Amino acid sequence: FDEGYQWYYEGVNGWWQYDARTSLDLEAHHKKGDRACELLIAGFLYVIDFENMVQFRQNDRTKKRRIKRDLINIPGKKGIAGLKIG
Ligand code: V3L
């Protein structure tokens with residue numbers, strides 16, 4: 001990981017940090033130059049589309065969330081993978 005960066009997905013009024021395991025997978029695929037990858041997240045297969053910077057369930061592509069790679073201490077961070085902080 002480049003120092004101080006993390007992966008995020010969109011929530012209501014803010015961003016959730018991906019869990020540590022998923023973050024490492026995302027970073028590896030992104031570094032390789034993959035245009036997309038499929039990862040198991042909380043029991044569901046998700047497509048992470050690096051070209052459009054969105055994620056969505058593989059079997060339900062209607063609900064798309066924006067994703068981003070940004071500094072670890074961004075304002076508006078809600079927590080990690082649904083676990084609230086602050
Ligand atoms: N990591 C963990 N859980 C996820 C992820 C992910 N990358 N993507 C979706 N989910 P959907 P607020 C989120 C969960 O997009 O209050 C947050 O983590 C998602 O959880 O239709 O709206 C919070 O736990 C949701 O419960 O596939 O900001 C929760 O939403 C479920 O999968 C509420 O956050 C369906 O999301």
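Quick notes on the rules
- Residues numbered from 1 in each chain as written.
- Predicted model: local features only at pLDDT ≥ 70, side-chain atom pairs only at ≥ 80, totals over all residues.
- Heavy atoms only, no water.
- Helix = DSSP H or I, 4+ residues; strand = E, 2+ residues; numbered from the N terminus.
- Buried < 20%, exposed > 50% of the residue type's maximum accessible area, 1.4 Å probe, protein only.
- Core = buried A, V, L, I, M, F, W, Y, C linked by side-chain atoms within 4.5 Å.
- Contact = heavy atoms within 4.5 Å.
- Pairing = 2+ DSSP bridges.
- Axes fitted to C-alpha atoms, helices over the stretch in contact; angles between N-to-C directions.
- Near = heavy atom within 4 Å.
- Polar contact = N/O pair within 3.5 Å; in protein donor to acceptor, adjacent residues only side chain to side chain.
- Areas by Shrake-Rupley, 256 points an atom, 1.4 Å probe, with all protein chains shown as cover.
- Nonpolar A, V, L, I, M, F, W, Y, C, P; charged D, E, K, R; others polar.

Caption draft 1: Structural context of the environment of Val 12. Looking at the secondary structure, you find Val 12 in the loop between strand S1 (5–11) and strand S2 (14–17). For Val 12, a relative accessible area of 61% puts it in the exposed group.

Caption draft 2: Region of the structure containing the nonpolar core. Within the largest apolar cluster, twelve residues are counted, these being Trp 7, Tyr 9, Trp 16, Tyr 18, Leu 26, Cys 37, Leu 39, Ile 41, Tyr 46, Ile 48, Phe 50 and Ile 67. Those elements that place two or more of their residues in this core are S1, strand S3 (36–41) and strand S4 (44–49). Take this core: its biggest share by element is three residues, from S3. Contacts of Leu 39, omitting those with residues within four sequence positions, involve Thr 22, Asp 25, Leu 26, His 29, Phe 44, Leu 45, Tyr 46 and Ile 48.

Caption draft 3: Spotlight on the sheet that holds strand S8 (residues 83–84). Taken in spatial order, the eight strands make up an open sheet running S3-S4-S5-S6-S1-S2-S7-S8, and their pairing is mixed. At either margin of the open sheet sits one strand with a lone partner, and together these are S3 and S8. Bridging between S1 and strand S6 (residues 60–71) involves five bridges; their strand directions are antiparallel. When the sheet's bridge partners are listed, Gln 6 is paired in S6 with Asp 70. Its contacts with the sheet put helix H1 (residues 20–32) on S1, S3, S4 and S6, and the angle it makes with S3 is roughly 170 degrees.

Caption draft 4: Broad picture of the site of the ligand. In the region of the ligand, 14 residues are neighbours, and Tyr 9, Tyr 46, Gln 55, Arg 65 and Lys 78 sit closest. A distance of 3.4 Å is found between an oxygen atom of the ligand and a backbone nitrogen or oxygen belonging to Gly 82. Against a free-state accessible area of 690 Å², the protein chains account for coverage of 70% of the ligand. Mapped by element, the contributors of at least two residues to the shell around the ligand are S1, strand S5 (54–57) and S6. Class assignment of the residues belonging to the shell around the ligand gives a composition of seven nonpolar, three polar and four charged.

Caption draft 5: Fine view of the pairing of strand S7 (residues 77–80). Two elements, S2 and S7, share three bridges in a ladder whose sense is parallel. In the strand pairing of S7, Trp 15 is matched with Lys 77. In the sheet, S7 pairs with S8 via two bridges, with the strands oriented antiparallel. Bridge assignment links Gly 79 to a residue of S8, and that residue is Lys 84. Connecting S7 to the next strand, S8, in antiparallel fashion are two residues, including Ala 81 with a positive phi near 50 degrees.

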